[in-house]
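# Residue-level structural notes
Each chain is listed here by its residues.
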Amino acid sequence: MATQHDAGSYDPQAVETRWRARWQERGTNRVAVATAPRPYYNLMMFPYPSAEGLHVGNVFAFVGTDIHGRYRRLRGHDVFEPIGFDAFGIHSENYALKVNTHPSQLIPRNIARFREQLRRVGLMVSWEHEVSTTDPAYYRWTQWIFLQLYQAGLAYKKAAPVNWCPECKTVLANEQVINGYCERHPETLVTQRVLEQWFFAIAKYAQRLLDNLETLDWSDSTRTAQRNWIGRSEGAELRFETPIGEPIVVFTTRPDTVFGATWVVLAPEHPLVERLTADERRPAVNAYRRQAQDMDLVTRKVGAKEKTGVFLGAYARNPATGESVPIWIADYVLMEYGTGAIMAVPGHDERDHEFAQTFGLPIVRVVEPTGAAGGALPYTPWEGTLVNSGRFDGMTCAEAAPAITRWLEGRGLATGRVQYRLHDWCISRQRYWGPPIPIIYCDRCGIVPVPERDLPVVLPPLENYRPDESGVSPLARLESWYRVPCPACGAAARRETDVSDTFLDSAWYFLRYPSTEFDDRPFDADLTRRWLPVTSYIGGNEHAVLHLMYARFVTMVLHDLGHLGFDEPFARFRAHGTIVKDGAKMSKSRGNVVVPDEYIAQWGADTFRMYLMFLGPYQEGGDFRDEGISGIRRFLDRVWGLMTDVSPDAAIPEAARRKLHQTIRKVGADIEELRYNTGIAAMMEYVNLLRREGQEGQEGQKRGAEGQREGPSVARELVEPLILLLAPFAPHFAEECWERLGHERSVFEASWPAFDPELARDAEIELVVQVNGKVRGRLLVSPGLAEPEAVAQARADETVRKFIGDKQIRKAIYVPDRLVNLVV
Ligand SMILES: [Zn+2]
Ligand SMILES: [Zn+2]
């Protein structure tokens, strides 16, 4: 193969077509999964193959992951970078309904299109390990996982009030309800329905899911989102005795305020309401309960402006004071949270205080702000001293909470409790496009799991798969399919007709990738040991409490059942940012959607990749503006031009050598931390310097063979490492340059360049730090520090910290290499 080419100008289409073909021919992206000595599992979130094709958000996510993977490979790892398609689910089904094409025809077409687009982007994907969740060879094992949970007692069926989206015509997980609205239908209020559903007992794992977070190398924002979603609160269940002999149990995180509880409130659906209601109050109570039933969830959860409620005409006994307190029902108390009952402490709770004022109920102060008697009520902070609380007067809230709990426990009136916001995962969907839940109902045997040897339960073809209002899956229309003999006794029985939640499909796909060659097991033990847990996972934070929580849960269960040797699937997770267009989120209605194909066709994949990464810090995202892309292209053109001027015996100016080592150091460190934008900026600076040095130092130097252009020559030693630094960002381009430098093997078989720390050391400059415009400190930093680092270093400085105290930083003004002003 010729290594000398006509220099010409950079033609991205030609270069990219050529290298895509060659990668395929040479198997450049293949990994020997069974034997790779230095495995590095570089995972990206597999896409849902929409009919619109690859979204620029997908490309942004994948390219950022790919750069990381290619870099790791250059550092000597065997990088496994698989991809697949999350192709079941309501998104796909809804779209199929809209365009009136069966999903079984639509989805393969979408996948083919995605695959083509993904290839164009130049990802280092191991295509031979592709998975699709709709493939029976895949969902056989999704069903197998359901059975594992069922056999472990972690999958159960119960009738429960569930979230029902009238648009989706199916139930939703709590995680799919955003402030009372459907995640997919932001205009549609989710209602409540009582349906028989399958649940996974994820709540049993709440504490472990929380504790393990501390051990994970994850983005803080993602860990915080999970922590909040798990929602651990410590407190106590308190018993308020009633005349019917059964107590009202309330959960409170503030047992220290029980002396101030002047009434209790039950959810209108609470089972004790019926028996507690006094005869003369019955008409009012029943009317209120009917009204609450018709209300949508958002109003009930967020709470209407006007507090409403009805007195039952009955009283309960405050366990601390022994006094009788009235029992009310009110719609803001929900049966599904806690015990469906609360104690009202109007002196120290906003909502209870409003309620007391509306209905003229007594307000008692039981906490004084520390060191300041009196003050307005309600007083809600945890910092304070108890009053009007008998023997507990004078204690701080923090001391009183456990003391009061213990005291009431001694009298059988309390139990210390930890409560979680995380509820069991409802996985039934009354839809068609998903894996059937592998369960059979027999009149004699009850619930019978489908035997493993009978898996997969294949999703049957069904012409009319449109969901309806009935709350029953479309599969219930196919009698020939759901009527089956009972696997246990042979009697006539029927299949479960619900399918499982798409999030079950994606809760284990990363376990499947290395093992796609095996049909007889979901994941091979040896391969799993070699490749998992996933070394690095990069994806969107919108999945923080959905996919990422479910994947952790399923991994924990499989670990506990002896199928996996680890209980956390993702050692490292980084959340990437989002791309907006002209300051707004991309959406069809705004008409600001960027279609990647057009940009790739015009500019080439490499320019597009680099441009996306240059928009802003990868973990924050950026604003897509058409103007910027030509700057990246110009940069690649300049590097292309340098190639023509490479000479083995050109002089190496000292400044260029120093800059090279600094650039190697910086680009490596930036890629490690996913600061791709500043890495690109460093390479640009370096190329500018090479150009300048070249012109100044070697003006007029004659070079090259006859007939070729004459120009300043650049030492090969200064260019070769640059091509390696560029390779993760612009892989096709780098391959072409590498070949032009005379290499026969892929640039990705070379090694990341080393730098000399002595040469790479920057001169330090003084950065002035101001707080609210006043000089408060000086820092010695490397020149050209990026803003986030400059601000971080300023904040970390001892003296500066004193002036910030615990105040919030509202704004930071940064003048590079001069000053940082923190506005607090
Ligand atoms: Zn919906
Ligand atoms: Zn049976």
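All residue numbers refer to positions counted from 1 along the written sequence of the respective chain. A letter from A marks each chain and a number from 1 marks each ligand, given out in the order of writing. Side-chain atom pairs in this predicted model are given and counted only at pLDDT of 80 or more, local residue features only at pLDDT of at least 70, and totals for whole chains, interfaces and linings cover all residues. Processing note: side-chain calculations cover all non-hydrogen atoms of the structure and skip hydrogens and water entirely.

### Quick word on the coordination of the zinc ion (ligand 2)
As a rule, N, O and S atoms within 2.8 Å of a metal are its donors, except that Na, K and Ca use 3.2 Å; water is not among the atoms, so sites may look incomplete. Around the zinc ion (ligand 2), the protein contributes the donor atoms Cys442 (SG), Cys445 (SG), Cys486 (SG) and Cys489 (SG), at 2.2 to 2.4 Å from the metal centre. Given 4 donor atoms and angles of 105 to 113° at the metal, the environment of the zinc ion (ligand 2) is assigned as tetrahedral. Along the chain, the residues donating to the zinc ion (ligand 2) fall in the pattern C-x2-C-x40-C-x2-C. A residue pair is termed long-range when its members are at least 10 positions apart, and Cys445 in the loop between β22 (439-442) and β23 (446-449) and Cys486 in the loop between β24 (483-485) and β25 (492-495) qualify at 41 residues. Burial here depends on accessible area, computed with a 1.4 Å probe over protein chains only, as a share of the maximum for the residue type. Under 20% is buried, over 50% is exposed, and the range in between is partly exposed. Its relative accessible area of 35% is what places Cys445 among the partly exposed residues. In this scheme the shape depends on donor count and angles: four donors with every angle between 85 and 135 degrees give tetrahedral, four or six donors with opposite pairs above 155 degrees and others between 65 and 115 give square planar or octahedral in turn, and any other case is irregular. Only DSSP runs of H or I reaching four residues or more are called helices, and only runs of E reaching two or more are called strands; each is numbered from the N terminus.

### What about the coordination of the zinc ion (ligand 1)?
By definition of the ideal shapes, four donors in a tetrahedron about a metal sit 109.5 degrees apart, and six donors in an octahedron sit 90 or 180 degrees apart. Donor atoms from the polypeptide that bind the zinc ion (ligand 1) are Cys165 (SG), Cys168 (SG), Cys182 (SG) and His185 (ND1), placed at 2.1 to 2.3 Å. One can describe the donor arrangement at the zinc ion (ligand 1) as tetrahedral, given that its 4 donor atoms subtend angles of 102 to 116° at the metal. Mapping the donors of the zinc ion (ligand 1) onto the primary sequence yields the spacing C-x2-C-x13-C-x2-H. With Cys165 in strand β5 (residues 155-165) and His185 in the loop between β8 (181-182) and β9 (191-200), the pair connects residues that are 20 residues apart, well separated along the chain. The buried category is assigned to Cys165, whose relative accessible area is 0%.

### Examining the packing of helix α23 (residues 716-726) against helix α24 (residues 731-740)
Helix axes use the C-alpha atoms of the stretch in contact, all axes being lines fitted to C-alpha atoms, and the angles between their N-to-C directions lie in the range 0 to 180 degrees. At their nearest, the axes of α23 and α24 sit 9 Å apart, and the two run at 155° to each other. As summarised for this structure, α23 and α24 are arranged roughly antiparallel, according to the angle between their axes. The handedness of the crossing between α23 and α24 comes out as left-handed. The segment α23 lies against α24, with Glu720, Ile723, Leu724 and Leu726 engaging Phe733, Ala734, Cys737 and Trp738. Among the residues forming the contact of α23 with α24, the class breakdown is 7 nonpolar, no polar and 1 charged. Each angle receives one of four descriptions, namely roughly parallel if under 35 degrees, roughly antiparallel if over 145, roughly perpendicular if within 65 to 115, and oblique otherwise. In this scheme the crossing of two helices becomes right-handed for a clockwise turn of the near helix relative to the far one and left-handed for an anticlockwise turn of less than a right angle. The contact rule is simple, with two residues in contact once any of their heavy atoms fall within 4.5 Å. Note on residue categories: nonpolar means Ala, Val, Leu, Ile, Met, Phe, Trp, Tyr, Cys or Pro, charged means Asp, Glu, Lys or Arg, and polar means any other residue, Gly included.

### Some details on the sheet that holds β25
A sheet is described by the order of its strands in space; here 4 strands give the open sequence β23-β22-β25-β24, paired in antiparallel fashion. The sheet terminates laterally at β23 and β24, the two strands that pair on one side only. Direction aside, neighbouring strands of the sheet carry axes that sit 40° apart on average. With 3 bridges joining them, β22 and β25 adopt antiparallel strand pairing. From the neighbouring strand, Tyr441 faces β25, where its bridge partner is Arg494. For two strands to be treated as a pair, DSSP must find no fewer than two bridges joining them.

### Some thoughts on the layout of surface pockets
Each pocket or cavity is described by its volume, and for the second largest pocket that value is around 870 Å³. A cavity here means a set of 1 Å grid points, computed over protein atoms only, where a 1.4 Å probe fits but cannot escape. A pocket is an open set with protein on both sides within 12 Å along at least 5 of 7 lines, and lining residues have an atom within 4 Å of a point. In this structure, the second largest pocket is lined by 28 residues; those nearest its centre are Phe251, Thr253, Ile342, Arg351 and Gln419. Within the residue set of the lining of the second largest pocket, elements represented by two or more residues are β12 (248-252), α10 (297-302), β16 (341-344) and α11 (350-359). At 3 residues, β16 tops the list of elements feeding residues into the lining of the second largest pocket. Classifying every residue of the lining of the second largest pocket by side-chain character gives 10 nonpolar, 11 polar and 7 charged. Grid points are joined across faces, edges and corners, and a volume is the space filled by probe spheres set on the points.

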